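Notes for the structure review
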Amino acid sequence: MRTHIKTTNTSLTPAIEEYIYKKMEMLDKLIHKDDTSAHVAVEVGKNSEHHKTGSVFFSELTMHIAGKDLRVRFDADDIYAAIDKAKDEMMHALRAHRGKKETLLRRGGIAVKNILKGFNPKRKI
């Protein structure tokens, strides 16, 4: 999976960059290996230059997977905490997306099976 990192109102240190890549590897486990179009855009930074306390940092993940776009944004006191929270929520969104896809496939299979059950050439009307 390709990862693109962007920063806003802050600089990207090697430690933050390594941390982001390590966390995005965890998301890679939930993506089908044959999906080569999957990529994630990570934006980290400060909400504004003048805030000093409170939820100063943010992390935003936008993932394109199988024709869908999933987006998560979290604010936190620490940039690492914002990245962790956003990664956890994206994992939840990926699991939900995968569950919906499987459910749709099962519903389609059940519909086909019911159609085939109803079609009996030996049955008299």
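For the structure itself, consult the block above.
Residues numbered from 1 in each chain as written. Predicted model: local features only at pLDDT ≥ 70, side-chain atom pairs only at ≥ 80, totals over all residues. Heavy atoms only, no water.

**Here's the deal with the pattern of salt bridges**
Overall, the coordinates contain five salt bridges when judged by the stated rule. Across the salt bridge formed by Arg71 and Glu60, the nearest N and O atoms sit 3.0 Å from each other. Of this pair, Arg71 sits in strand S4 (residues 68-76) while Glu60 sits in strand S3 (residues 57-65); the two residues are 11 residues apart in sequence, bridging distant segments of the chain. A salt bridge links Arg73 to Asp75; its shortest N-O distance comes to 3.8 Å. We classify Arg73 as partly exposed; its relative accessible area is 38%. With relative accessibility at 33%, the residue Asp75 sits in the partly exposed group. (Salt bridge = Lys/Arg side-chain N within 4 Å of Asp/Glu carboxyl O. Helix = DSSP H or I, 4+ residues; strand = E, 2+ residues; numbered from the N terminus. Buried < 20%, exposed > 50% of the residue type's maximum accessible area, 1.4 Å probe, protein only.)

**Looking at the side chain of Glu60**
Judged by relative accessible area, Glu60 falls into the buried class, the value being 13%. Of the polar contacts made by the side chain of Glu60, one reaches the side chain of Arg73; its length is 3.5 Å. (Polar contact = N/O pair within 3.5 Å; in protein donor to acceptor, adjacent residues only side chain to side chain.)

**What to know about the pairing of S3**
With seven of its nine residues buried, S3 lies for the most part within the structure. As paired strands, strand S2 (residues 39-46) and S3 are joined by eight bridges and run antiparallel to one another. By the bridge assignment for S3, Val44 is matched with Ser59. Sheet topology note: the S3/S4 ladder contains nine bridges and is antiparallel. Across the sheet, residue Leu61 finds its bridge partner in S4, namely Val72. Between S3 and S4, which pair antiparallel and follow one another directly, the connecting turn spans two residues, one of which, Ala66, has a positive phi of 50°. (Pairing = 2+ DSSP bridges.)

**Some thoughts on helix H2 (residues 79-118)**
Between its terminal C-alpha atoms H2 stretches 59 Å, which fits the 58 Å expected from 40 residues at 1.5 Å a residue. Of all the residues in H2, the buried ones are Ile79, Ala82, Ile83, Ala86, Lys87, Met90, Met91, Leu94 and His97. Buried-residue contacts for H2 involve helix H1 (14-28), S2, S3 and S4. (Expected span 1.5 Å × (residues − 1). Contact = heavy atoms within 4.5 Å.)

**What about the pairing of S2?**
Direction of pairing for strand S1 (residues 2-8) relative to S2: parallel, over a ladder of seven bridges. Note that in S2 the partner of Thr8 across the bridge is Gly45. Regarding the hand of the β-α-β motif, the stretch spanning S1, H1 and S2 is left-handed. (Right-handed = clockwise from strand over helix to strand, strands pointing away.)

**Comments concerning H1**
With 15 residues, H1 extends 21 Å from end C-alpha to end C-alpha; this agrees with the ideal 21 Å at 1.5 Å per step. Ile16, Tyr19, Ile20, Lys23, Met24 and Leu27 are the residues of H1 that are buried. One side of H1 carries all its buried residues, which in axial view fall inside an arc of 130°. Of the exposed residues in H1, the ones pointing more than 90 degrees away from its buried face are Pro14, Glu18 and Glu25. On the buried face of H1, the contacting elements are S1, S2, S3 and H2. (Arc of directions from axis to C-beta.)

**Quick notes on the nonpolar core**
Core analysis: the biggest nonpolar cluster contains 25 residues, and Ile20, Leu27, Val42, Leu61, Met63, Met90 and Leu94 have the highest contact counts within it. Taken together, the elements giving at least two residues each to this core come down to H1, S2, S3, S4 and H2. Here this core gets six residues from one element, more than from any other, and that element is H2. When residues no more than four places from it in sequence are discounted, the contact partners of Met90 are Leu27, Leu61, Met63, Leu70, Arg71 and Val72. (Core = buried A, V, L, I, M, F, W, Y, C linked by side-chain atoms within 4.5 Å.)

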